[in-house]
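Now for the letters of each chain:
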Amino acid sequence: MNVSREEIIHMANLADLNLSEEEIQKYTKDMEDILAFANEINKVNTDNLDESITANERYNILRKDEVKEFEDKDALLQNAPSQKNGMFHIPKMI
Amino acid sequence: MAKEDYEVVMGLEIHAELSTKTKIFCSCPTDFGGEPNTHCCPVCMAMPGTLPVLNEKVVEYAVKAGIAMNCDIAENSKNDRKNYFYPDLPKSYQISQFDMPLCKNGYIEIETKDGKKKIGITRIHFEEDAGKLNHDEYGGGSFVDLNRAGVPLIEIVSEPDIRGAEEADIYLKKVKSILEYIEVSDCKMQEGSLRADVNVSVRKKGDNKLGTRTEMKNMNSFRAIQNAVAYEVKRQIDILESGGKVEQETLRWDELQGETISMRDKEDAQDYRYFPEPDLALIHISKEYVEEIKRNMPELPESRKNRYISYYNLPEYDANILTSTKYFSNLFEGALEVCNNPKAVSNWIMSDIIGILNEKEINADKIPFTAKDLGELICLIDKGTISTSIAKKVLLEMFDTSEKPNKIIEKNGWVQISDEGAIIEVVNKILAANPQSISDYKAGKDRALGFLIGQAMKETKGKANPGMLNKMFLEELNKQ
């Protein structure tokens, strides 16, 4: 499985990561290994099997539309590095 | 080439918040407003280890919308993750639907100035809304409120069948009206519960190939869409006319500046890396389920319109306006239960009520009295208790005070004068004061009669029975 340098840079951009030249080399190799590993499964013969779209064949796991308020509201923001007036305070985003 | 040589091609992606009581994947309330982060729990705040569970009403409402818009309802459907980073999206992915949407291949019919037209619906899928960022309210930085995160949405994607801003406007209003009728969304644009991404391209008339399109995100008023499309169409034609090429990009409409602004450069072309959502089970929709929903569907505007034309003999124009929102339609039908005079009820809604709504700049859902009140008001005219001109005053008071028509009439002493003795007294008084009008009438000027009736109405503050005034003036004039 070949992974191009551009693909690694693209993925890094999507993840907001700045990679050094060394890291690009390393991750290209790592990514190829990961894909090769995952590709093992393609060797299985599936000729007589139906296509499946999930590993979990259960369906329609649904809940009723009934309000249940979460009680411990203060805990929700407890780990926020910074908060003001009940909101998460983050660097300016526009 | 001139502007007229180009054709505008548009497609709309409409996001509508569903009016469920709870969020899509947790039991938090969906109410609008509320102190920041008070309608939240570990699930919609994306705390590690939490798992989503789908709200059954979301499936039901999305299927309802699909049926109302003539879609095929998928037997099998699933959720997918749409990955992107933004601080209003706590999981860093949105649970949406990618390749197996719940509804596909539908259409709705709109009335354009050239007649009926079908607009194709590519798909309808459901997904979760994001939170809200507030800026600079308390000094530097941004502030994240996740009350809206996880509120269910449906996204209705149209085919590129829309030709111009006017059709887009009609289409959006029609979709809004359908969603209101089937009661799956409040469609409050000012609260952001209905918003549209608008795709626009232009091509030379006769070309079959679509031009390069640009997309304007999160438009939440009819006026903004009109202005933005007009601007964008001109911008694209200007580019093509000067030999340039339209770039495919996402734009933001700046209402204040009246221009579109590029949001992202194309280097950053969107790559959402969709993949099946492993935390949710598949959705299987049985034929019986679809049939059950079909059986319980409220009557749609199209069907109501046809009924108004054929059963109540209303003109098509009137029927169109009455069914343009469920609020008018319900008002009409509710008033008819009290007062069986369809033409009169229709006229009162079409002219007086719509006029007052426009003047006061309020929406039809905010009419402060009941359909029964309107019916009673019209009955009072039919029975001769009040005149039409008094009824107009009563209606204004109903808007201001929400009081019952009877009470308003009683309070103001507005009961119509139909007593013959009282009316003849007024008639003689007016005749005595206007000898010129009498000779004008004798000289064949019919307008003089109208003037005299008007004076009598003024004298009685609009309370005299106009039919009786007319009759008695004629009698008295012919005696003279």
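If you're wondering where the values come from, they're calculated on a predicted model, not measured in any experiment. For every chain, the first residue of its written sequence is number 1, and the numbers climb from 1 along that sequence. Lettering of chains starts at A and numbering of ligands starts at 1, both following the order in which they are written. For this predicted model, a pLDDT threshold of at least 70 governs which residues receive local features, and a threshold of 80 or more governs which side-chain atom pairs are given and counted, while totals over whole chains, interfaces and linings are taken from all residues. As a rule here, side-chain values come from all non-hydrogen atoms in the structure, and water together with hydrogens is ignored.

Help me out: how do you make sense of the overall build of chain A in this one?
Scanning chain A from terminus to terminus reveals three helices and three strands. Reading chain A from its N terminus to its C terminus gives the helix and strand order α-α-β-α-β-β. Using C-alpha atoms as the atom set, the radius of gyration is obtained and then compared with a globule rule of 2.2 Å times the number of residues to the power 0.38. The C-alpha radius of gyration computed for chain A amounts to 23 Å, which surpasses the reference 12 Å derived for 94 residues by more than 25%, pointing to a less compact arrangement than a globule. Dimensions of chain A, computed from the C-alpha atoms along their principal axes, are close to 55 × 45 × 20 Å. Burial status across chain A gives 15% buried among its 94 residues. A run of H or I in DSSP becomes a helix once it reaches four residues, and a run of E becomes a strand once it reaches two; helices and strands are each numbered from the N terminus. A 1.4 Å probe rolled over the protein chains alone gives each residue an accessible area, and that area as a share of the maximum for its type sets the label: buried under 20%, exposed over 50%, partly exposed in between.

Any chance you could explain the domain arrangement of chain B here in plain terms?
Interface size is often expressed as the accessible area that is lost when the parts come together. Examined at the domain level, chain B breaks down into domain 1 (3–289), domain 2 (299–412) and domain 3 (420–479). Distance between the C-alpha centres of domain 1 of chain B and domain 3 of chain B: 63 Å. Residue ranges assigned to the domains are those given by an automatic or database domain assignment.

Explain the sheet that holds strand β9 (residues 132–135) of chain B to me, please; I cannot follow it from the model alone.
Hydrogen bonds between backbone atoms are what pair the strands of a sheet, whose relative direction is either parallel or antiparallel. One bridge is not enough; two strands pair if DSSP finds at least two bridges between them. Spatially, β2(A)-β3(A)-β10(B)-β9(B) is the arrangement adopted by the four strands of the open sheet, whose pairing is antiparallel. Edge positions in the sheet fall to β2 (83–84) of chain A together with β9 of chain B, since each of these pairs with one other strand and no more. Two strands pair when backbone bridges link them, and strand β3 (residues 87–90) of chain A and strand β10 (residues 142–145) of chain B are joined in this way by three bridges, in the antiparallel orientation. What sits directly across from Ile90(A), in β10(B), is Ser142(B).

Can you help me understand the packing of aromatic side chains in this one?
One pair of aromatic rings is described through two measures. These are the centre distance and the angle between the planes. All names here are of chain B. Pairs were defined over the aromatic rings of Phe, Tyr and Trp, the Trp ring being its six-membered one, requiring ring centres within 6.5 Å. Orientation was assigned from the angle between planes: stacked under 30 degrees, edge-to-face over 60, tilted for the rest. Evaluation of the coordinates by the stated rule reveals nine aromatic pairs over all chains. With a centroid separation of 4.1 Å and an interplanar angle of 10°, the aromatic rings of phenylalanine 98 and tyrosine 274 are classed as stacked. Note that phenylalanine 98 is positioned in the loop between β6 (93–96) and β7 (103–112) and tyrosine 274 in the loop between β15 (259–262) and β16 (275–276), a separation of 176 residues in sequence. Through pairs of rings, three or more aromatic residues link up here, namely Tyr84, Phe98, Tyr272 and Tyr274.

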